[in-house]
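Chain by chain, the residues:
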Amino acid sequence: MEWTMASSGMAEAAGTVITGLLAGGHEAYFVGGCLRDELLGRPVHDMDITTSALPEEVMALFPRCVPTGLAHGTVTVLQNGYSFEVTTYRTESGYADHRRPEHVFFVSDVKEDLRRRDFTINAMCSGLNGVLIDPFGGERDLQLRRIRCVGQAEERFGEDALRMLRCVRFASVLDFAIAKNTWRGLMRQRDKLAHIAVERVRAEVERIVEGPHPQRGLALLLRSGLLPRGKAPFPWTGYDLAAAAARTAGLGNLQDARLRWALLLHALGSSAAAADELLRAWTFPGATRSSVVAVLRVREAWDAALSSVAPDAPGATEGLRRRWIAAVLAHGQSAAEGWLTLLAAAEDAAAGPVPAPDLAQGSAGAATAPPALRPAATVPPALGPAATAPPALGPAATVPPVLSPAAGQQPVYATVQARLLRFWTAAMPLRSLAELAVTGNELAELLQKRPGPWLGVLLNKLLLAAAAGGIANDKQLLLQEAQRMDRDEE
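**Q** Please explain the overall build of the protein chain as it appears in this structure.
**A** Scanning the protein chain from terminus to terminus reveals 20 helices and 11 strands. By residue count, 49% of the 490 residues in the protein chain fall in the buried class. In the protein chain, once contacts between residues fewer than 6 apart in sequence are set aside, the share between residues at least 24 apart is 68%. Here the protein chain has roughly 22100 Å² of accessible surface; of this, 52% comes from carbon and sulfur atoms.

**Q** Would you mind showing me how to read the pattern of salt bridges here?
**A** If the charged atoms of two oppositely charged side chains come close together, the side chains can form a pair. Applying the stated criterion to the full structure yields 28 salt bridges. Salt-bridge contacts for Glu300 lead to Arg299; the nearest nitrogen and oxygen are separated by 3.6 Å. According to the relative accessible area criterion, Arg299 is buried, its value standing at 0%.

**Q** Is there a simple way to explain the nonpolar core in this structure?
**A** Soluble globular proteins tend to bury their nonpolar side chains together. Among the nonpolar cores identified, the biggest contains 123 residues, and Met47 and Trp324 are the most heavily contacted of them. Per-element accounting of this core gives the leading share, nine residues, to helix H14 (residues 286-308). If we skip the residues at most four places from it in the chain, Met47 touches Trp3, Ala6, Met10, Ala11, Ala14, Phe30, Cys34, Phe84 and Glu85. If you look at the next biggest cluster of nonpolar residues, it comprises 10 residues, including Tyr29, Leu114, Ile133 and Phe136.

**Q** Help me out: how do you make sense of the packing of aromatic side chains in this one?
**A** The geometry of an aromatic ring pair is captured by the separation of the ring centres together with the interplanar angle, meaning the angle of the planes. Scanning the model with the defined rule gives seven aromatic pairs in all. With a centroid separation of 4.9 Å and 75 degrees between ring planes, the pair formed by Trp261 and Phe284 is classed as edge-to-face. Taken as a pair, Trp261 in helix H12 (residues 257-267) and Phe284 in the loop between helix H13 (272-281) and H14 lie far apart in primary sequence, 23 residues in all. Just as Trp261 is buried, Phe284 falls in that class too. Taken together, the aromatic side chains of Phe119, Phe157 and Phe170 make up a single cluster linked through ring pairs. Between the NZ or CZ atom of Arg169 and the centre of the ring of Phe170, over which it lies, the distance is 4.7 Å. Above the ring of Trp454, the side-chain terminus of Lys449 is found at 5.1 Å from the ring centroid.

**Q** Would you mind going over the sheet that holds strand S3 (residues 65-69) with me for this structure?
**A** The sheet built from seven strands is open, its strands ordered S3-S4-S5-S2-S1-S8-S9 with mixed pairing. On the outer flanks of this sheet lie S3 and strand S9 (132-133), each paired with one strand and no other. Judged from the three bridges that link them, S3 and strand S4 (residues 74-79) form a sheet pairing that is antiparallel. Each bridged residue has a counterpart across the sheet, and for Cys65 the counterpart in S4 is Val77. Packed onto the sheet, helix H1 (residues 8-23) meets strand S1 (28-31), strand S2 (48-51), S4 and strand S5 (82-88) and runs at close to 35 degrees relative to S5. With respect to the sheet, helix H2 (residues 33-40) is in contact with S1, S2, strand S8 (125-126) and S9, its orientation differing from that of S1 by roughly 55 degrees.

**Q** Please explain the packing of H12 against H14 as it appears in this structure.
**A** The axes of two packed helices give the description: the angle between them and the distance between them. Packing of H12 against H14 leaves a shortest axis separation of 9 Å and a crossing angle of 50 degrees. When the axes of H12 and H14 are compared, the pair comes out oblique. Read as a crossing pair, H12 and H14 show a hand that is right-handed. Contacts between H12 and H14 involve Arg258, Leu259, Trp261, Ala262, Leu265 and His266 on the former and, on the latter, Ser291, Val292, Val295, Leu296 and Arg299. Considered class by class, the residues forming the contact of H12 with H14 number seven nonpolar, two polar and two charged.

**Q** How should I be thinking about H13 in this particular structure?
**A** Since there are 3.6 residues in each turn of an α-helix, residues three or four apart along the chain are aligned in direction. Of the residues making up H13, those classed as buried are Ala272, Ala275, Asp276, Leu278 and Leu279. On its buried face, H13 is in contact with H12 and H14. At the C-terminal side of H13, Thr283 shows a positive phi close to 60 degrees.

**Q** Would you mind showing me how to read empty space enclosed by the protein here?
**A** To find the voids left in a structure, one rolls a probe of water-molecule size over its atoms. One pass over the structure, following the stated rule, counts two cavities of 30 Å³ or more. Size it by volume and the second largest cavity reaches roughly 40 Å³. Looking at the second largest cavity, the residues that line it are Leu193, Val201, Leu227, Gly230, Lys231, Ala232 and Trp282. Split by residue class, the lining of the second largest cavity holds five nonpolar, one polar and one charged.

**Q** Mind showing me how you'd approach the state of the cysteines here?
**A** Disulfide: a covalent bond connecting the sulfur atoms of a pair of cysteines. Applying the stated rule across the entire model yields zero disulfides. Looking at Cys34, it has no disulfide partner, and the nearest cysteine sulfur is the one in Cys125, 10.0 Å off. Note on Cys34: relative accessible area 3%, which makes it buried.

**Q** Help me out: how do you make sense of the pairing of S2 in this one?
**A** Regular strands place their side chains on alternate faces of the sheet. Judged from the four bridges that link them, S1 and S2 form a sheet pairing that is antiparallel. By the bridge assignment for S2, Ala28 is matched with Thr51. With four bridges connecting them, S2 and S5 associate as parallel partners. Paired with Thr50 across the bridge in S5 is Thr87.

Definitions and cut-offs
- Residues numbered from 1 in each chain as written.
- Predicted model: local features only at pLDDT ≥ 70, side-chain atom pairs only at ≥ 80, totals over all residues.
- Heavy atoms only, no water.
- Helix = DSSP H or I, 4+ residues; strand = E, 2+ residues; numbered from the N terminus.
- Buried < 20%, exposed > 50% of the residue type's maximum accessible area, 1.4 Å probe, protein only.
- Contact = heavy atoms within 4.5 Å.
- Areas by Shrake-Rupley, 256 points an atom, 1.4 Å probe, with all protein chains shown as cover.
- Salt bridge = Lys/Arg side-chain N within 4 Å of Asp/Glu carboxyl O.
- Core = buried A, V, L, I, M, F, W, Y, C linked by side-chain atoms within 4.5 Å.
- Phe/Tyr/Trp six-rings, centres within 6.5 Å; stacked < 30°, edge-to-face > 60°.
- Lys NZ or Arg CZ within 6 Å of the ring centre and 35° of its normal.
- Pairing = 2+ DSSP bridges.
- Axes fitted to C-alpha atoms, helices over the stretch in contact; angles between N-to-C directions.
- Parallel < 35°, antiparallel > 145°, perpendicular 65-115°, else oblique.
- Left-handed = near helix turned anticlockwise from the far one by under 90°.
- Nonpolar A, V, L, I, M, F, W, Y, C, P; charged D, E, K, R; others polar.
- 1 Å grid on protein atoms, 1.4 Å probe; cavity = no way out; pocket = protein on both sides within 12 Å on 5 of 7 lines; lining within 4 Å.
- Points joined across faces, edges and corners; volume = space filled by probe spheres on them.
- Disulfide = S-S within 2.5 Å.

Below is the structure:
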């Protein structure tokens, strides 16, 4: 078989494995996703092999093997630096937990093996000669851009409830339709998602949100009503999701996965604390959770700043500048830049209204607007004498309101706002305590105090003063300022 979407090294190594199985008197074929992606012109990242050889026969033929799942007939063969899952033809029965089969039977007919698979586009195989064995019409479904179950959809989803999310994921990633009978089977079996571990559900949802067509997948998840039926908490109604869909038009344009999650949670009106709790419950990795929550904390800090400053108050812009710098110092420049990117994404969504998908399921109730999209939040109209306008804005530029009062929840000036905040960030002479020209030990020695919580508070005050340009990042000047601050506290 001539592969165009797989690396030549991997294709050659896989061919060597199949040749070895054939030489041993067994049948062997490329199977599943590698053929699907090759036919679609998508990159092939791994290759699976199905064979009539029993697991022990496979291990006898190849010196470097890993007994990955002998009970299910799977052996991982290592060849020329690549690994290939080689699985014996099998049928399955008795899915008591709606996830794993209780009984596995090895068979001699490859078509029986293909019959047990989830979707027609994954139930194809091919030998070295490139002839496709496709008993269920997978190639035609690829041409029709359709996801269809092998056999009865209700039965397939009842066997393994995770297949319902896989169905949505394939439709989303490939931008395919779902066959009517397959969708009906999913809707009838959706309550069985409660049997699936949170980690498995989260992994599928991640691939949907981080894939090339996330809004397509989210619309299907909304219509299916699957996620509220899982084990993980899902605090939103169908109307919340529908309203959020209109605010996430730019989701697929965000290259950073953490920003996709931050925009989605922002659009759903989640506070940073609620998002942190939710991402923990959904078993997201700590690094992902922390970075997403940091972006939302920057949002909250900036929203609080906007709400606390009267637009026409003297020094309002300087007060906002210091509050923004404090947010950058507290949550990091990466999180601050993430929030500015979301501001632009929010403006993109406002520029071109996206109709919310039809509600297949959902209860009545108004969706919660994200805090930073509330009409009350405005920016003081003038930059003020203490702040320098970015050159592109011009000396007489004004900072427009975050929201157009007539538009309600349309952030029409987000790009201008982001430019100003980026200008303020770029002008910061330092961004972390490590860059501060004085240490905690030096402060404790100068003030003749034992180190304690006061020391961290003082260091952060000095950091803010230096980062905001109120004092030079000079050791002697910082020590003098520390003495002044300490006296004011007495």
